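Close look at the chain arrangement
One letter stands for each residue in the lines below.
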Amino acid sequence: MTPLFTRWMIILGSCFVCFSCTSPTHSGAASTLQLHLSGEPTVLNPILSTDASSSSVEGLIFSGLFRINSTLELEPDLAESYAVNETGTRYTFKLKKNVKWHDGHKFTAKDVKFTMDTVLNKKTNTVRRSNFIIGGTPIQFKVIDDYTFEALLPKPFAPFLMRMAIGILPEHALKDIDINTASFNRSPIGTGPYKFKQWQPAQYVYLERNSNYYLDAPKVKTIIMKIVPDTNTALLAFEKQEVDEVGIPGKDLKRYQDESFLTLYRYYDLVYTYLGFNLNHPFFSDPNVRRAIAHAVDKSALVNGVLMGFGTKADIPSSPALWSYPPNDQIPIFDFDPKKAADLLASSGFTMNPNTKILEKNGQPFSFKIITNKGNKDREKTAQMIQQMLRKVGINASIQLMEWSSFIATINAKKTPKPFDAVILGWALGLDPDGHSIWHSSQYPNGFNFIGYNNPAVDKLLEQGRTTIESSDRKNIYHRIYKLIANDVPYVFLYFPETLQGINNRVKGLSPAGPAGLMNPIENVYLVE
Amino acid sequence: MPFIVRRILGAIPLIAGVSFLSFLIMQWAPGDPTLMYLDPTVNQSDLAQVRQNLGLDQPLLTQYILWLKELLNGNLGYSYITGKPVITSIMDRLPATLLLSVSSLILILIITFPLGILCGYKKDTWLDDSITIFSFLGLSIPTFWLGLLFILFFSLHLNWFPTSGFLNPMLMEAPWLTKALNIMSHMMLPLFTIIIGGIAGLIRYNRFSMIKILAQDYITSARARGLSERRILFKHALKNAMLPIITILGLDLPSLISGAFVIEYIFSWPGMGQLGVQAVFQRDYPMLMATIFFSSILIILGNLMADILYTYVDPRISRAGKQNLR
């Protein structure tokens, strides 16, 4: 046996030696930017996709009439200029004339019309249709000539321009084809800075510079977007310089702080985490109880305990990075103050049961359940910390972690009251402050106002905010909305996490760190060796 | 032959039953493909429209019959999430999956067979104990941890292999040999992670089956007749010891194409495991039904092959089979 064993060890050993000689050499790496995708893109079509990986790829291949610059402002992209009439219901767009699709065809207003019609077509499996329907009436899109395009709105609608940043599709490649299953969605043609070359499922997406790009020519010749789903593997691949960028979890930051091959960037993402109350719950229908809980939750402790200090506390449903964020003196703050919490609960009729150390009202102990989705470690930890904080003021909170789809099914239940007490979840904020889908009373029980928030004053302001075009007026409206919502405490707004991004030092031409991305616009990015 | 034909015919209602049951179970799980994301910019009416377009508002039985009809026409449908033909998605992933699973199975067999037999033969010696301890260590180390450790050591520190992936994208247009060697270098770490985790079980099976055989009367009588140990081991014991292994291998056949999710996830290996698990979480019914359909066919095939192999290894089974069939 021993000789047999030895023989095998020799064979295995030689395999190692043989293959280790073939470790890849990065030929052409100097002209290739290697980006990281944390998941397989689903579909490379901007009107169909809903996942982050797909939109990262689409952002390089497609262009919209507008694009979002590094300071989160809209700037013309395929549009040369636009004009809006006095009532805010007719927009006329002048389009750039020197634009070609990646296959050489000319880009015209017909492509824009085709894209909008496809979004509005009921047969298209898109979740963007409502973006172009206002009060039940679809926006009308008209081709005036090859480079002029008109949109007729049934009534003024402030978020409209932002929505025209959607990627435009080529009519010639998609006409009379079922867009839902088209092979185009796996080998797309756009007008953007990079051309699609290859997509190897679960491996990478390979893009090449568009030498006919109508804006500044991109400096990097090829971009390979590698699909590495596991965070730890992605970090190791980044260290081995197989990818040039990676998101770094707070707990791993120490490992990279003193590394010389990378630069670390930190910025607040447009995402906040909250504790939301089912407002039809007998205890949570009382605003004082909600305010008491807001006082009982130590947000700074959450930022330190959950985010390792990489984040900041949230007080309203908006981010300091956005133009609609109010000055600090206009934001109602609920400080961490357990004493105040206890007083508020006492004034609402709760008394402490000396045996159980749990508050009671009419013989009912103050017990409730917080649900959140399984697998999100930050939310799980947040739930546990809040549970302990509430225990200190005599509230008994239990936690239930749910698989994502059961979780969604629970909060989306089409009945009232919904089968949950409180929920920990996060919202990504759009660049437009419109919060209609989350706060308007019409969005309950079918909609994202699943907590059942209903404040007629907020409803009215939300409607006003959508139809007011002047941005300084809109700003005032949203300041008032945030104040009303914060005072009602339908959510305890918890924190904004900070995004930590590591970028290899060979990548230059980056924009200031912010939620619009570090490589915005991609044309400015270049590589040094 | 009639035995095989019968078994194949018997498999058809079995597969139909499996597909119907899995269809039901899938639909009973909460959520559907349109509920997978929670995005305040998405309106419920859009979701309802997509649901209607996908036919998810139809009664369950109608949905199943539609699926079955398409299947009989040789069409596995389109993924609800990507709009891509299901068969293309599976074919995209199959080569990488088979490459990894078949190579690991072959290597595991080559390693475990002699080691298991040896352990059984040298029962309760230091050799048996140390192989057992080593193999259990392999079994109890969590795969994700071992995988990361391998990447850290062999890829990052020694720079022998790439951290993850299947083929260096730069080599897209390289000659096939360069590509093959590059794929091999990507495969080494996932391969060794699977082998270390996989050998323990089979060594134990081989060992146990050898011990059992060696305790049988006919072995004792062979020894009494003065046959050499070598002859007893290789001529009398080995063939019989193989029987349980054949059962295990037959049952293992579906895992050849089902892929190994954790391994694929850690090493970004483009296999079926990731595809299947994603389909479960996204409630991508057509994709799920296709994977279940293939797995059930392979389970039945695996059992059938095991039965046929038995008749070669153990003539008693074939005789008994013939008697029963008469």
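Residues numbered from 1 in each chain as written. Chains lettered and ligands numbered in written order. Predicted model: local features only at pLDDT ≥ 70, side-chain atom pairs only at ≥ 80, totals over all residues. Heavy atoms only, no water.

This part covers the overall build of chain B. Secondary structure assignment for chain B yields 13 helices and zero strands. Going residue by residue from the N terminus, the α and β elements of chain B occur as α-α-α-α-α-α-α-α-α-α-α-α-α. For the C-alpha atoms alone, the extent of chain B along its principal axes is close to 85 × 65 × 40 Å. Within chain B, buried positions represent 47% of all 326 residues. (Helix = DSSP H or I, 4+ residues; strand = E, 2+ residues; numbered from the N terminus. Buried < 20%, exposed > 50% of the residue type's maximum accessible area, 1.4 Å probe, protein only.)

When its secondary structure is counted, chain A shows 15 helices and 25 strands. By the compact-globule yardstick of 24 Å for 529 residues, chain A fits well, its C-alpha radius of gyration being 26 Å. Residues classed as buried in chain A amount to 57% of the 529 residues present. Accessible surface, chain A: about 21700 Å² in total, of which carbon and sulfur atoms supply 50%. The averaged location of the 50 negative side-chain charges in chain A is 3 Å from the averaged location of its 56 positive side-chain charges. (Rg over C-alpha atoms; globule rule 2.2 N^0.38 Å. Areas by Shrake-Rupley, 256 points an atom, 1.4 Å probe, with all protein chains shown as cover. Lys, Arg positive; Asp, Glu negative; His and termini not counted. Charge placed at Lys NZ, Arg CZ, Asp CG, Glu CD.)

Taken together, the contact pairs 70 residues of chain A with 64 residues of chain B. For the pair chain A and chain B, the two sides together bury roughly 6100 Å², of which 66% comes from carbon and sulfur. Where chain A touches chain B, the interface holds four salt bridges. Where R129 of chain A meets D46 of chain B, a salt bridge forms, and the shortest distance between an N and an O atom there is 4.0 Å. (Contact = heavy atoms within 4.5 Å. Buried area = accessible area lost by both parts, 1.4 Å probe. Salt bridge = Lys/Arg side-chain N within 4 Å of Asp/Glu carboxyl O.)

All names here are of chain A. Counting buried positions along strand β9 (residues 148-152) yields four of five residues, so the element is predominantly enclosed. Alignment of strand β5 (residues 90-95) against β9, held across five bridges, turns out to be antiparallel. Residue R90 lies in a different strand from β9, and its bridge partner there is L152. In this structure, strand β8 (residues 140-145) lies alongside β9, joined through five bridges in antiparallel fashion. Along β9, the bridge assignment pairs V143 with F149. Connecting β8 to the next strand, β9, in antiparallel fashion are two residues. (Pairing = 2+ DSSP bridges.)

Residues and elements named next belong to chain A. Residue P445 is bonded to the preceding Y444 through a cis peptide linkage, with omega at 0 degrees. Here P445 is to be found in the loop between α13 (436-439) and α14 (456-467). Residues N520 and P521 are joined by a peptide bond in cis, for which omega reads 0 degrees. Secondary-structure assignment places P521 in the loop between β24 (507-508) and β25 (526-527).

On the surface, a cluster of positive charge is made up of R225, R231, K235 and K239 of chain B. With respect to the secondary-structure elements, K235 of chain B resides in helix α9 (residues 229-258). (Patch = residues over 30% accessible without salt bridge, like charges linked within 9 Å, V, L, I, M, F, W, Y side chains within 5 Å.)

Before going further, it helps to examine the sheet that holds strand β4 (residues 79-84) of chain A. Residue and element names in this part refer to chain A. What the four strands build is an open sheet, ordered β4-β5-β9-β8; its pairing is antiparallel. Looking at strand neighbours, the two that pair on one side only are β4 and β8, the edges of this open sheet. Strand-to-strand twist across the sheet, computed as the mean angle between neighbouring axes with direction ignored, equals 20 degrees. With respect to the sheet, helix α3 (residues 109-120) is in contact with β5, β8 and β9, its orientation differing from that of β8 by roughly 165 degrees. (Axes fitted to C-alpha atoms, helices over the stretch in contact; angles between N-to-C directions.)

It is worth spelling out the pattern of salt bridges at this point. All names here are of chain A. Per the counting criterion, the structure on display carries 24 salt bridges over all chains. The partner of K377 in a salt bridge is E380, and the shortest N-O contact between them spans 3.5 Å. Here K377 pairs with E380, and both are found in helix α11 (residues 377-392), just three residues apart, close to one helical turn. For K377, a relative accessible area of 59% translates into the label exposed. Because the salt bridges share partners, they merge into one network encompassing R67, E75 and E523.

That is the geometry; function is a separate question.
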